[in-house]
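# Results of the structural survey
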Amino acid sequence: DIAALEKAGADTVIYFESTSFRVNPEERLKLSLLAEQFTKVPGASLALLGYADPFGDASYNRELSRKRCKAVRDILVELGIEFLLLEIEQKGETEKSQGSRSYKSARRVEFELR
């Protein structure tokens, strides 16, 4: 169901420790729930949007964002999602989502249905 997948994508955010791109077990569980919804919608694809907090320079943060997206993508592939259906967009620190967020919440990967 596309509506359920859109909701799951919008509601799922994977958080990371500072300077880390390791996905902890609690966040892995969120990914397995997202993958379960994703497999029910043939033809869907997901963009993985990676963010970093403002510590470090811009190029470091973009690379860290890419590594976070890659770690999330690798888990989703393990869970049965086709590699080619997952697009990485590293945002670094330059593009924050709206609203006030703590530094911890800036270290995240979000999802966008495509």
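Let me sum up the structure you'll find in this document. (Residues numbered from 1 in each chain as written. Predicted model: local features only at pLDDT ≥ 70, side-chain atom pairs only at ≥ 80, totals over all residues. Heavy atoms only, no water.)

### Notes on the overall build of the protein chain
Secondary structure assignment for the protein chain yields 4 helices and 4 strands. In the protein chain, the order of α-helices and β-strands from amino to carboxyl end is α-β-α-β-α-β-α-β. Along the three orthogonal principal directions, the C-alpha set of the protein chain runs to about 40 × 25 × 25 Å. Classification of the 114 residues of the protein chain by burial places 41% in the buried group. A fraction of 77% describes how many contacts in the protein chain between residues 6 or more apart in sequence connect residues 24 or more apart. One way to put it: in the protein chain the 18 positive side-chain charges average out to a point 4 Å from where the 19 negative ones average out. (Helix = DSSP H or I, 4+ residues; strand = E, 2+ residues; numbered from the N terminus. Buried < 20%, exposed > 50% of the residue type's maximum accessible area, 1.4 Å probe, protein only. Contact = heavy atoms within 4.5 Å. Lys, Arg positive; Asp, Glu negative; His and termini not counted. Charge placed at Lys NZ, Arg CZ, Asp CG, Glu CD.)

### Quick notes on the nonpolar core
Of all hydrophobic cores here, the largest spans 22 residues; its most connected members are L48, V72, L76 and F111. Elements represented by at least two residues in this core include exactly helix 1 (2-11), helix 2 (25-38), strand 2 (46-51), helix 3 (58-78) and strand 4 (108-113). Broken down by element, the residue count for this core peaks at 5 residues, all from helix 3. Residues in contact with L48, not counting those within four places in the same chain, are C69, V72, R73, L76, L86, E87, I88, E89, V109, E110 and F111. (Core = buried A, V, L, I, M, F, W, Y, C linked by side-chain atoms within 4.5 Å.)

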